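Structure at a glance
Chain by chain, the residues:
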Amino acid sequence: FTLVAGTDVLGICLGMRGLWLPALVPGALAVLLWIVLNYGLLSSMVLAGNRPSLRDIGGAWLIWVVATQTVSILATSIAPDLGNAVRTGIVTVAVTMWSIGVMLYLVFIVVIFLRLLLVETTPAELGPGYWILMGATAISVRAGAGLLELGAQDRMPLLRELHAFTTGVSVMLWSFGSWFIPLLVLIGVWRHVIHRYSSRYEPSLWRGVFPLGMYAEATFALGGQLGAGVMRAIATGAFWLGLAAWVVVVALMFVAVIRRGDPRAPTAGRSRHPQRAEP
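Just so it is clear, the structure is predicted and the values come from calculations on it, not from any experiment.

**A short note on the overall build of the chain**
Counting its secondary structure elements, the chain contains eight helices and zero strands. Computed over C-alpha atoms, the radius of gyration of the chain comes to 20 Å, within 12% of the 19 Å expected from 2.2 N^0.38 for 279 residues, which places it in the range of a compact globule. Projected onto the principal axes, the alpha-carbon positions of the chain cover approximately 65 × 50 × 35 Å. Per-residue burial for the chain yields a buried fraction of 45% across its 279 residues. Sequence-distant contacts, at least 24 apart, represent 80% of the contacts inside the chain between residues at least 6 apart. As displayed, the chain offers around 14,200 Å² of accessible surface, 71% of which is attributable to carbon and sulfur atoms. Computed over 19 positive and 12 negative side-chain charges, the inter-centroid distance for the chain is 9 Å.

**Examining empty space enclosed by the protein**
All told, the structure shown has one cavity of 30 Å³ or more when counted by the stated rule. For the largest cavity, the calculated volume is near 40 Å³. Lining of the largest cavity is provided by L147, L148, G151, L159, L162, H163 and T166. Breaking the lining of the largest cavity down by element, the ones donating at least two residues are α5 (132-153) and α6 (157-194). Among the elements that line the lining of the largest cavity, the one with the most residues is α6, at four residues. Across the lining of the largest cavity, the residue classes tally to four nonpolar, three polar and no charged.

**Describing unusual backbone geometry**
Positioned with a positive phi, R196 is a non-glycine residue whose angle comes to about 50 degrees. Within the element layout of this structure, R196 appears in the loop between α6 and α7 (206-226).

**A short note on the packing of helix α2 (residues 20-47) against helix α3 (residues 63-78)**
Following both chains from N to C, one finds α2 and α3 inclined at 155 degrees, their axes separated by 10 Å at the closest point. Comparing their axes, α3 and α2 come out roughly antiparallel. When you trace α2 past α3, the crossing you get is left-handed. Touching W20, A23, L24, G27, V31, W34, N38, L41, L42 and M45 of α2 are W64, A67, T68, V71, L74 and I78, all from α3.

**Section: the pattern of salt bridges**
This model, assessed by the stated rule, comprises two salt bridges. Where E217 meets R142, a salt bridge forms, and the shortest distance between an N and an O atom there is 2.8 Å. In this pair, E217 sits in helix α7 while R142 sits in helix α5, placing the two residues 75 residues apart along the sequence. Note on E217: relative accessible area 36%, which makes it partly exposed.

**Observations regarding the packing of helix α4 (residues 84-118) against α6**
The description of two packed helices rests on the angle between their axes and on the distance between the axes. Following both chains from N to C, one finds α4 and α6 inclined at 30 degrees, their axes separated by 12 Å at the closest point. Put simply, α4 runs roughly parallel to α6. Crossing geometry of α4 relative to α6 is assigned as left-handed. Note on element contacts: α6 touches α4 through L158, L159, L162, F165, T166, V169, S170, L173, F176, W179 and F180, opposite V91, T92, V95, W98, V102, Y105, I109 and F113.

**Examining the layout of surface pockets**
In this structure, the largest pocket encloses a volume near 630 Å³. Among the secondary structure elements, those contributing two or more residues to the lining of the largest pocket are α6, α7 and α8 (229-261). Tallied by class, the residues present in the lining of the largest pocket amount to 19 nonpolar, six polar and three charged. Each pocket or cavity is described by its volume, and for the second largest pocket that value is around 500 Å³. Around the second largest pocket sit 20 residues that line it, and V9, V66, I139, F210 and M214 are the ones nearest its centre. Looking at the lining of the second largest pocket, the elements that each hand over two or more residues are α1 (2-16), α3, α5 and α7.

Analysis parameters
- Residues numbered from 1 in each chain as written.
- Predicted model: local features only at pLDDT ≥ 70, side-chain atom pairs only at ≥ 80, totals over all residues.
- Heavy atoms only, no water.
- Helix = DSSP H or I, 4+ residues; strand = E, 2+ residues; numbered from the N terminus.
- Rg over C-alpha atoms; globule rule 2.2 N^0.38 Å.
- Buried < 20%, exposed > 50% of the residue type's maximum accessible area, 1.4 Å probe, protein only.
- Contact = heavy atoms within 4.5 Å.
- Areas by Shrake-Rupley, 256 points an atom, 1.4 Å probe, with all protein chains shown as cover.
- Lys, Arg positive; Asp, Glu negative; His and termini not counted.
- Charge placed at Lys NZ, Arg CZ, Asp CG, Glu CD.
- 1 Å grid on protein atoms, 1.4 Å probe; cavity = no way out; pocket = protein on both sides within 12 Å on 5 of 7 lines; lining within 4 Å.
- Points joined across faces, edges and corners; volume = space filled by probe spheres on them.
- Nonpolar A, V, L, I, M, F, W, Y, C, P; charged D, E, K, R; others polar.
- Axes fitted to C-alpha atoms, helices over the stretch in contact; angles between N-to-C directions.
- Parallel < 35°, antiparallel > 145°, perpendicular 65-115°, else oblique.
- Left-handed = near helix turned anticlockwise from the far one by under 90°.
- Salt bridge = Lys/Arg side-chain N within 4 Å of Asp/Glu carboxyl O.

Honestly, that's just the spatial picture; any functional story needs more than this.
Printed below as a string of structure tokens:
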């Protein structure tokens, strides 16, 4: 699903520059990958019986939601440049994928909370991947804000009828994502301060950087659509936090590379706690 999201990001960058025709190529590829992964994964788990245990489910599973919402964002980014007939179809895709992404989030968040509340969790398991719990709400808000912006430019009946609903769901998800941030900080304190889990570089740290950047972008976009200056101020603070997190992770990565090249240094990334494989 990260492949879907990355392909969509390429299409979004092209669409933002008015290159809507080239943007359709990665967009079509991303949709194809999304369909294969969605029904292939569900078939593997439900029909073939490859069911994960509750302990195997974590924040990384919400990348499924992230991938779904990137399709919606790509669709809204290129829709204004298309003709009426094609635009109607693309807008329908955007609304549909946003709605699917919201429903997937609601399903997965219940399962993840059950996992956290009913299964003992170790510091190794409560890693940066759980920041995607907030990141998935943020990208859903960003996709919702894109629909609101498109509705302000093009008064299509579908967008007009869904305006109030889209606004309400986006505000709800933004509020829930904001609620997550202090909780995730507390989890980090519990993991690294109380249990003294290793603070060395691990690739999963990037899963904590993306949600902060997406939260800033989503807050700024929704605040602009609602005329809420306080949300834009929050977005500015979130941007600087995201940038700081990016700088810290890059610094840790370079330290890990240097230590790996030093034969006298201990193995980089070694932890006091056993690692569990993530799905």
